[in-house]
Amino acid sequence: MLKGIRSLSYIGAAVVVASSFFACQSGLGTKAAQGQEASVLDTVTPVILQDTSPIANGRLAKRLKDPIAVPVDTLNPISKDSIARYVKQERRRIRDSVRTELNKRPKHIYFTFDDGPLKGSAAIDSIAKSKNIKISVFLVGKHANMSKGLKRDFEKYNNNPLVECYNHSYTHANNRFVTFYSNPVSAYEDFEKNETDLALKHKIVRLPGRNIWIYDDVRRIDLQSGASTADMLYSNGYKVYGWDVEWKINGLTGTPVQSVQEVYSRLTNYMNNKTSMEANNVVLLMHDDMFQNKKGQQLLSSLIDSIQKNTDYKFEFIRDYPFRY
Ligand SMILES: [Zn+2]
């Protein structure tokens, strides 16, 4: 009950603060509105500045996405340009204040590895253990059935409590993505086969060749080809996850396309600027075969070291995505 009243009061304050700001900028305010502003602001302290609870209740995240309320003055109609300017400034003001609050909350990072088991998986498995971090792997059943060695690498993942195994389809679309997604039913069945074959415990998928997100109240599609398959998966109880940042390393030579410093900066920028899919949550995509060479493995270790030394980010499983504050 209390919660409801507090957030209502805050909305009241926000709208009035907004109209006051608008009046200053464009000279359209009325005395009556200014009088009301004084009385409401006297009695209300915005909840957003008070509530420092680390509990993920989603209030700040929602504030970032809420539409901007535009004050209506019927006596002095406002030009479209003024409204657009007002909305832009108001959005920036809200983002800045929410960002300050979000920076006080816990931050979550997700290391995700696609296409395993492959050469490189065993190294990833031991690095997760030695650094004691949770990682998420999106697996391809066909690869696990290619050799005894790869089957063993899959078992390593499966038996490591710091690794969670998710679904990346059985065939990886044979790397012919448009053809694969042109038949959503057979594509769907390919994911089902993977789930059965690898005895996957979680209904969590990433689509090969697509950065598509469908979970909770979110649906974001990068390419239409793949959308029907993703929708079908979602309506059958799966959650579909993409990524915010991708890191590429040449697996054979260990030469990085982006240096550790570059990828570290991108991750921290997404975290600080709240530009990831979910504020305070950043998903990094890598591929297992990037880490078949010692040089590549050292780069992965060094990225993890940088994060552990310089930030307070928590390494999480995709199953727990997202933490909304
Ligand atoms: Zn893939």
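Residues numbered from 1 in each chain as written. Predicted model: local features only at pLDDT ≥ 70, side-chain atom pairs only at ≥ 80, totals over all residues. Heavy atoms only, no water.

By the naming in an unreviewed UniProt entry, the protein chain is Peptidoglycan/xylan/chitin deacetylase, PgdA/CDA1 family, taken from Sphingobacterium wenxiniae.

(A) Structural view of the overall build of the protein chain. Check the secondary structure of the protein chain and you find 13 helices and 10 strands. With 325 residues in all, the protein chain has 48% of them scored as buried. Taking the contacts inside the protein chain whose residues are at least 6 apart along the sequence as the reference set, 78% of them involve residues at least 24 apart. Summed over its atoms, the accessible surface of the protein chain is roughly 16200 Å², and 53% of this surface lies on carbon and sulfur atoms. (Helix = DSSP H or I, 4+ residues; strand = E, 2+ residues; numbered from the N terminus. Buried < 20%, exposed > 50% of the residue type's maximum accessible area, 1.4 Å probe, protein only. Contact = heavy atoms within 4.5 Å. Areas by Shrake-Rupley, 256 points an atom, 1.4 Å probe, with all protein chains shown as cover.)

(B) Quick peek at the coordination of the zinc ion. Taken together, the protein ligands of the zinc ion are Asp-115 (OD), His-168 (NE2) and His-172 (NE2), with distances of 2.1 Å. Ordering the donors of the zinc ion by residue number gives the pattern D-x52-H-x3-H. Remark: His-168 occurs in the loop between β3 (163-167) and α9 (177-181) and Asp-115 occurs in strand β1 (residues 108-116); sequence separation between them is 53 residues. (Donors = N, O, S within 2.8 Å, 3.2 Å for Na, K, Ca; no water.)

(C) Fine view of the environment of Ser-169. Tracing the backbone shows Ser-169 in the loop between β3 and α9. Other than its neighbours up to four places away in sequence, Ser-169 contacts Leu-139, Val-140, Gly-141, Phe-180, Asp-190, Phe-191, Asn-194 and Pro-208. Among the polar contacts made by the side chain of Ser-169, one reaches the main-chain amide nitrogen of His-172 at a distance of 2.9 Å. (Polar contact = N/O pair within 3.5 Å; in protein donor to acceptor, adjacent residues only side chain to side chain.)

(D) Highlighting the pattern of salt bridges. One pass over the full model with this rule turns up 15 salt bridges. Between Glu-101 and Arg-105 there is a salt bridge, with the nearest N and O atoms lying 3.5 Å from each other. Take Glu-101 and Arg-105: they sit in the same class, and that class is buried. Where Asp-125 meets Lys-129, a salt bridge forms, and the shortest distance between an N and an O atom there is 3.6 Å. Of the two residues, Asp-125 and Lys-129 are both situated in helix α6 (residues 121-131); the distance of four residues between them amounts to about one turn of the helix. On the basis of relative accessibility, which here comes to 3%, the residue Asp-125 falls in the buried class. One network of salt bridges, with partners in common, ties together Glu-101, Lys-104 and Arg-105. (Salt bridge = Lys/Arg side-chain N within 4 Å of Asp/Glu carboxyl O.)

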